[in-house]
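Take a look at the letters that make up each chain.
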Amino acid sequence: MAGLLSTAPRAQLRDLLAGSRPLVVPGAYDALSARLVEQAGFDAVYMTGFGTTAGLLGRPDVGLLTGTEMADNARRLVEAVDVPVIADGDTGYGNAINVLRTVRTYEQAGVAAIQLEDQVTPKKCGHLSGKRIVPLPEMLGKIRAAADVRRDPDFLIIARTDAVAVEGVDIAIERARAFRDAGADLLFVEAPTSEADIERIAGELAGVAPLVFNWAEGGTTPPLTLDRMAELGFALVLYPIGTLLAATAGMRALLETLRRDGTPRAALPGLPAFDEFTSLVGLPEVRELEQRYR
C-alpha cells in the first residue's frame, strides 16, 4: 500500500535534487491533497504549514499549531503517498533541545526532509509582516542539533532564514552561509521582494548548497518562470498553497450553488463522479486486499 515507511524516498529525493532542472513540488495540507499531487505526476510533496494550519484549525499561520500536531499531519501524508514528503517544521517548536525531539519525530514519521526557520516563536507565515528572527548563534545551535540527531544520513535538513524582511538581504545571505557551515543540506532565503534580490541571493549562494525557491501564490516574492529559476540555479521550487486556494474556491462555488438552489445539482457536472472519487482514494486497492485476506 502507499506510504509504507522506508528510507527509499529519502534517497530518491537526494537524486531528484541533483537533477539538471529544479524539482517542482506542490504543497499539500492533508492526505487527500497529497494523493492528488502524486496522482498528478509530481515526484515529491511539500507539507505546507500555512495549509496545515488552515486545514486543521481554519486559522492563519501564526504559530498556533504544536509540533505534535504538525508531525501527526506529516505522518498521514507519508502514509498516503509513495513519493518523498518534504515537511515544514516551523521553528522546531522551541530551542535546540526541542529541535532534537522534533527532528526525531519527523524522521520517525517517514518524512524525507524537514524545513526549519530562524523566526522567534511563535512564528508567522513568511509572507506576513511583523516577523522577528532569533540571534544567529541560537539558530546555528538548532541546525547542529538537527544534523546530530538524525539517524538516516539521507534525511535532509532545509534551513530557512526570514532575515530579508527583518534585517535585509546582506544579513540573510550571511545567515544562509552560516547555516550551511552548521550542517544544513539546503538553503532557503524566504520572501525576497525583487528579482534583483533573487538574482543576488542565487549568485552568492548557488555554489554553497542547493537552494530553495518559495513560489508562494500571492506572496511578496516576484513570480519567476521555471526557466528563470533554473537559470539562477535553484534546486527546489515550492508551490505551497495553490492546492489549498483551489480547494477553497471549489468549496465556495459548490456552497453558493447549494444555498441559491437548495440542491448541489447544478454544480455536479464540474465535480468528480462518486465512483471516480472512490477510485482516486484507493477503493479498488481495498477491494483487492479484502479478497486476498478473506
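Cut-offs and rules
- Residues numbered from 1 in each chain as written.
- Predicted model: local features only at pLDDT ≥ 70, side-chain atom pairs only at ≥ 80, totals over all residues.
- Heavy atoms only, no water.
- Phe/Tyr/Trp six-rings, centres within 6.5 Å; stacked < 30°, edge-to-face > 60°.
- Helix = DSSP H or I, 4+ residues; strand = E, 2+ residues; numbered from the N terminus.
- Buried < 20%, exposed > 50% of the residue type's maximum accessible area, 1.4 Å probe, protein only.
- Lys NZ or Arg CZ within 6 Å of the ring centre and 35° of its normal.
- Patch = residues over 30% accessible without salt bridge, like charges linked within 9 Å, V, L, I, M, F, W, Y side chains within 5 Å.
- Areas by Shrake-Rupley, 256 points an atom, 1.4 Å probe, with all protein chains shown as cover.
- Salt bridge = Lys/Arg side-chain N within 4 Å of Asp/Glu carboxyl O.
- Axes fitted to C-alpha atoms, helices over the stretch in contact; angles between N-to-C directions.
- Parallel < 35°, antiparallel > 145°, perpendicular 65-115°, else oblique.
- Left-handed = near helix turned anticlockwise from the far one by under 90°.
- Contact = heavy atoms within 4.5 Å.
- Nonpolar A, V, L, I, M, F, W, Y, C, P; charged D, E, K, R; others polar.
- Pairing = 2+ DSSP bridges.
- Right-handed = clockwise from strand over helix to strand, strands pointing away.
- Polar contact = N/O pair within 3.5 Å; in protein donor to acceptor, adjacent residues only side chain to side chain.
- Arc of directions from axis to C-beta.

Moving on: the packing of aromatic side chains. Under the definition given, this model contains two aromatic pairs. Both rings, one in F213 and one in F234, keep their centres 5.2 Å apart while their planes meet at 80°; by these two values the pair is edge-to-face. With a gap of 21 residues between them, F213 in strand 7 (residues 211-214) and F234 in strand 8 (residues 234-239) connect regions that are remote in the sequence. This pair shows no difference in class: F213 is buried, exactly as F234 is. Between W215 and Y239 the ring centres are 5.4 Å apart and the planes differ by 40°, which places this aromatic pair in the tilted class. In this pair, W215 sits in the loop between strand 7 and helix 10 (226-232) while Y239 sits in strand 8, placing the two residues 24 residues apart along the sequence. The ring centre of F188 lies 5.5 Å from the NZ or CZ of R160, which sits over that ring.

Taken together, the side chains of L32, L36, F277 and V281 define a hydrophobic patch exposed on the protein surface, amounting to about 300 Å² of accessible area. With respect to the element layout, L36 can be found in helix 2 (residues 31-39). A relative accessible area of 41% means that L36 is categorised as partly exposed.

The next subject is the packing of helix 8 (residues 169-182) against helix 9 (residues 195-205). Contact geometry for helix 8 and helix 9: axes closest at 11 Å, N-to-C directions at 30°. Relative to helix 9, helix 8 is oriented roughly parallel. For the crossing formed where helix 8 meets helix 9, the hand is right-handed. Residues V169, D170, I173, A176 and R177 of helix 8 lie in contact with helix 9, whose contacting residues are D197, R200, I201, E204 and L205. By residue class, the composition of the contact of helix 8 with helix 9 is five nonpolar, no polar and five charged.

Time to look at the pairing of strand 8. In terms of residue burial, strand 8 counts as a mostly covered element, since five of its six residues are buried. Inspection of the sheet shows strand 1 (residues 23-28) paired to strand 8 by four bridges, in the parallel sense. The residue bridging P26 from the neighbouring strand is Y239, located in strand 8. As paired elements, strand 7 and strand 8 share four bridges and run parallel to each other. Considered in strand 8, the bridge of N214 is made with L238. Each parallel crossover has a hand, and for strand 7 linked through helix 10 to strand 8 it is right-handed.

Moving on, we get to the side chain of D90. Among the secondary structure elements, D90 is positioned in the loop between strand 3 (85-88) and helix 5 (96-108). According to the relative accessible area criterion, D90 is buried, its value standing at 6%. At 2.7 Å, the side chain of D90 and the side chain of Y93 are in polar contact. Not counting residues within four places of it along the chain, the set of residues in contact with D90 comprises M70, Q115, L116, E117 and K123.

Once that is clear, we can look at the pattern of salt bridges. In this structure the tally under the stated criterion is 21 salt bridges. Note that E288 is salt-bridged to R292, the shortest N-O span being 3.4 Å. With E288 and R292 both in helix 13 (residues 283-292), this residue pair falls four residues apart, about one helical turn. Salt bridges sharing common partners tie together D61, D90, E117, K123, K131, R160, D162 and E190.

One closed barrel accounts for eight strands, arranged 1-2-3-4-5-6-7-8; its pairing is parallel. On average, each strand axis in the sheet is inclined to that of its neighbour by 25°, with strand direction left out of account. Here helix 5 sits on the sheet in contact with strand 2 (45-47), strand 3 and strand 4 (113-117), set at roughly 155° to strand 4. Strands strand 4 and strand 5 (156-161) of the sheet are contacted by helix 6 (residues 136-149), whose axis makes an angle of about 170° with strand 5.

The next point concerns helix 9. Looking at helix 9, one finds that the buried residues are I198, I201, A202 and L205. Projection of helix 9 onto a plane perpendicular to its axis shows the buried side chains occupying an angular sector of 95°, all on one side. Summarising the contacts, the buried residues of helix 9 are in contact with helix 8, strand 6 (186-189), strand 7, helix 10 and strand 8.

Cis peptide bonds are those with omega within 30 degrees of zero, and the linkage from T121 to P122 qualifies with 0°. Secondary-structure assignment places P122 in the loop between strand 4 and helix 6. Positive phi outside glycine occurs at D90, with the angle close to 50°. Although it is not a glycine, A191 adopts a positive phi angle of roughly 60°. Looking at where A191 falls in the secondary structure, it is placed in the loop between strand 6 and helix 9.

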